[in-house]
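What the coordinates show
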Amino acid sequence: MILRRIIAHLRKQEWTAIGIDFVIVVLGVLVATEVSNWNEARLTRQQGAEFSGRLVADLREEAWGYQFYIEYYGDVLANAERALAVLEQRTNMSDEALLIAAYRATQYKRNVRRRATYDELTSTGAIGLIEDAELRGGAMRIFNAQLLNDLALGERSQYRERFRMIIPMEAQDALASACGDRIPVVGDYRSIVHSLDYECALDLSPSALREAASDLRADQTLLMLLRLRVADLKTTVGNLGTLTDEFRPFLNHAEAASAAP
């Protein structure tokens, strides 16, 4: 309609009317563009807020995960040091206690990280939707940390392999059944305390305990591998503590962001 009016005014050379119609067209275009931009910005903010909420929830679980691994590998290290002290004849303990400590020194935890939101944001190039620069930068540093991805390497420790080669299966089954990992509740900090280092008893005869403990004491290769295991665990626990201290400000920020109205 506006176009027909402009053509009619041109034919009649009604320049004032033409100018008015032109202004109306321009204003209409500007208003439509502004409304479109406003809607787009609103949707972007809404999407960014949703991603931020999901990212905060992931980081809260990540904070719990770091603390869990510190506690868990602290338990593994404590048992490895107890077993090493016995095998180096610096102290003594019962056959059952030695067997339990030596078994728990083999344990590891495979890491499963809750990083789907971060991976979605980075793979789609949408990380910029997170307006909170501290939250965005913290997530990038935390999820790109390699240490937690390497923890499952304990599955391939030579000490673990040697232990399982020399200990009878009857004893291994009893150890796994009575003295294995307790499964913590994700997010529950109380459930991670002593998830491995707790009181347990083996359903084995004295002769079976004596045989397995004798195998441990007689194997010099196992002793050397246990020394290596203790050294590696000390490094792991130390690195976990350092990373947790480094990331604590970001994780605290995520906690504060989740509590904000």
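Just above sits the structure.
Attention in this report is confined to the structure presented alongside it. (Residues numbered from 1 in each chain as written. Predicted model: local features only at pLDDT ≥ 70, side-chain atom pairs only at ≥ 80, totals over all residues. Heavy atoms only, no water.)

**Points about unusual backbone geometry**
Using the following cut-off: Burial here depends on accessible area, computed with a 1.4 Å probe over protein chains only, as a share of the maximum for the residue type. Under 20% is buried, over 50% is exposed, and the range in between is partly exposed. Only DSSP runs of H or I with at least four residues qualify as helices, and only runs of E with at least two residues qualify as strands; both kinds are numbered from the N terminus onward.
Non-glycine residue Gln89 carries a positive phi angle of around 60 degrees. With a relative accessible area of 72%, Gln89 lands in the exposed category. Positioned with a positive phi, His194 is a non-glycine residue whose angle comes to about 55 degrees. Note on placement: His194 falls in the loop between α8 (169-179) and α9 (206-218).

**A few points about the pattern of salt bridges**
Threshold: Each reported salt bridge corresponds to a side-chain nitrogen of Lys or Arg within 4 Å of a carboxyl oxygen of Asp or Glu.
Applying the stated criterion to the full structure yields 14 salt bridges. The partner of Asp197 in a salt bridge is Arg82, with the nearest N and O atoms 2.9 Å apart. Residue Asp197 is located in the loop between α8 and α9, and its partner Arg82 is located in helix α2 (residues 15-87); the two are separated by 115 residues in the primary sequence. Classification of Arg82 as partly exposed rests on a relative accessible area of 33%.

**Considerations on α8**
Structural remark: α-helix, 3.6 residues per turn; residues separated by three or four positions point the same way. Counted only if it meets this: The directions considered for the arc run from the helix axis to the C-beta atoms. By definition, residues are in contact when any of their heavy atoms lie within 4.5 Å.
All of the buried residues along α8 are Ala171, Gln172, Ala174, Leu175 and Cys179. With its buried residues spanning 165 degrees around the axis, α8 presents them on a single face. For α8, the exposed residues set more than 90 degrees away from the buried face come down to Met169, Glu170 and Ser177. Lining the buried residues of α8 we find α3 (95-104), α7 (158-166) and α9.

Distances and angles like these do not, on their own, reveal function.
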